[in-house]
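Chain and residue survey
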Amino acid sequence: MPDDKALARGFNGLAAAEPSLPASWYSDPQHHAREMAEIWGKSWLLFCRSEELAEAKSWRADRLAGKNVLVVRQADGTPAAFHNVCRHRGAELCPAGKGQLDRPLLVCPYHQWSYALSGKLLATGRARKVAGFEREQHGLIPMGVAEWGGFLYVNPAGGDQADFEASLAAELRPLANWPLADLRVAQRDEIEIACNWKVFWENFNECLHCPTIHPELSNLVPIYKRAIMVREDDPDWRDRAEETDPRIQGGLREGAETWADGGTAQTSLEGLSEADRARGHTYAVTLPSAFIVGHIDYVRSVRVDPLGPEKTRLTVDWLLPPGRSEEPGFDLERILCFARRVLDEDAAACEMNQRGLAAAPFASGTLMQEEYEVYAFQRWVRARLGADVAPLAGRSSRRK
């Protein structure tokens, strides 16, 4: 654990109860706008899979964190990302969705201003030359863009691949053995949850709720029955360090290989180590917008998108090797069912939490010993909003 006076020594936990974030931060529109500007407007955000822009001149447009985002694949294979707005009078360049351009040009459908895929303004349609207009000053407004493991990230504040690596390489390292770039989307779900985006992440970052909210998951991952995430969450973990019981050490229950139904995996992804297989699930988190979890037989990514102070959209992709889901005898539903159930349970818990946060005179909650990851997340939020606190690094990693 990192060096912080609030954290216990010798195990993962808080040394004392800590105050939670103010309840108003979960519903107040003005505070939400501040978070959208200072956190979501300055972070690397998961946008889509690279396969959605597989060829030169392909494009993908969507709203993300309140921004209208447009990404195109240039002739040299590199992506370029822009705010999806023409510099003439602000018309949307491309509708939500994806497609293939006939020519290497982005042409505004309103007044025919034309841009190179680099964003450079090339022509102004039927508008004649006019004094005071400098074409080179009216290119598309760029966003940062980077690719990793077949995922495409954007940053509204700008940045390049090196900036992305410096920011998130350490968070993504746990999935280094998974063949992520070779996988394809086999299933995509979208759901909306009536909760603030922070409520979702706080629920994600603790397991005090697991025995009650997730009884089947707690049977699959026995350590969750103890309302902890990893063995080091137990103050006495060193006294039982040699025990192999999954209830003590973590991992899936005896005989289970996969989340698919707690049984034997239908197939296995290539390149995984014995440690990868033994864990049963390996998580990488790229705050504020996504987590990715590697299993022995598939990968699942969850993209988080705030739709308002009290509404959040989740986009869930199940990733498999190309053609795997069409192989004879392969049961895709077996993979989807369990993760969907867990997510539905989390969604209900988050909505319950959101409803309670609005109950007067509740002003702020309390974080208990086991909620050290929630504390770290809330400290990260405060730091990004300019509070006099630095985000914690090097947090332990297990999640559901």
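The following refers to the structure shown. Please read all numbers here as calculations on a predicted model, not as lab measurements. (Residues numbered from 1 in each chain as written. Predicted model: local features only at pLDDT ≥ 70, side-chain atom pairs only at ≥ 80, totals over all residues. Heavy atoms only, no water.)

With respect to the overall build of the chain
Within the chain one finds nine helices and 17 strands. For 400 residues, the compact-globule estimate of 2.2 N^0.38 gives 21 Å, and the C-alpha radius of gyration of the chain, at 23 Å, lies within 12% of that figure. Each of the three principal axes of the chain carries a C-alpha extent, and together these read 80 × 60 × 35 Å. The burial tally for the chain puts 53% of its 400 residues in the buried class. Sequence-distant contacts, at least 24 apart, represent 64% of the contacts inside the chain between residues at least 6 apart. When the accessible surface of the chain is totalled, it reaches about 17900 Å², and 49% of it is carbon and sulfur. The distance from the centre of the 48 positive side-chain charges to the centre of the 57 negative ones in the chain is 7 Å. (Helix = DSSP H or I, 4+ residues; strand = E, 2+ residues; numbered from the N terminus. Rg over C-alpha atoms; globule rule 2.2 N^0.38 Å. Buried < 20%, exposed > 50% of the residue type's maximum accessible area, 1.4 Å probe, protein only. Contact = heavy atoms within 4.5 Å. Areas by Shrake-Rupley, 256 points an atom, 1.4 Å probe, with all protein chains shown as cover. Lys, Arg positive; Asp, Glu negative; His and termini not counted. Charge placed at Lys NZ, Arg CZ, Asp CG, Glu CD.)

Brief notes about the pattern of salt bridges
Applying the stated criterion across every chain yields a total of 18 salt bridges. Of the charged contacts, one joins Glu51 and Arg49 as a salt bridge, the two residues approaching to 3.6 Å between their closest N and O atoms. Its relative accessible area of 28% is what places Glu51 among the partly exposed residues. In this structure, the salt-bridge partner of Glu243 is Arg240, at a minimum N-O distance of 3.3 Å. (Salt bridge = Lys/Arg side-chain N within 4 Å of Asp/Glu carboxyl O.)

Let's talk about the packing of aromatic side chains
Taken as a whole, this structure holds 14 aromatic pairs when the rule is applied. Both rings, one in Trp40 and one in Trp197, keep their centres 5.2 Å apart while their planes meet at 85°; by these two values the pair is edge-to-face. Of the two residues, Trp40 is situated in the loop between α1 (29–38) and β2 (45–49) and Trp197 in helix α3 (residues 197–204); the sequence distance between them amounts to 157 residues. Trp197 shares its class with Trp40; the two are buried. Every member of this aromatic cluster is reached through a ring pair, and the members are Phe200, Trp201, Phe204, Tyr283 and Phe291. (Phe/Tyr/Trp six-rings, centres within 6.5 Å; stacked < 30°, edge-to-face > 60°.)

Considerations on the sheet that holds strand β14 (residues 290–294)
Read across the sheet, five strands follow the order β12-β16-β15-β14-β13 without closing on themselves; strand pairing throughout is antiparallel. Looking along the sheet, the strands with just one partner apiece sit at the ends: β12 (184–193) and β13 (282–286). The average angle at which neighbouring strand axes cross in this sheet is 15°, direction not considered. Together, β12, β13, β14, β15 (299–308) and β16 (311–320) form the strand contacts of α3, whose direction differs from that of β15 by roughly 145°. Strand contacts of helix α8 (residues 332–357): β12, β15 and β16, with the helix running at about 20° to β12, the strand carrying the most contacts. (Pairing = 2+ DSSP bridges. Axes fitted to C-alpha atoms, helices over the stretch in contact; angles between N-to-C directions.)

Keep in mind these numbers describe shape, not what the thing actually does.
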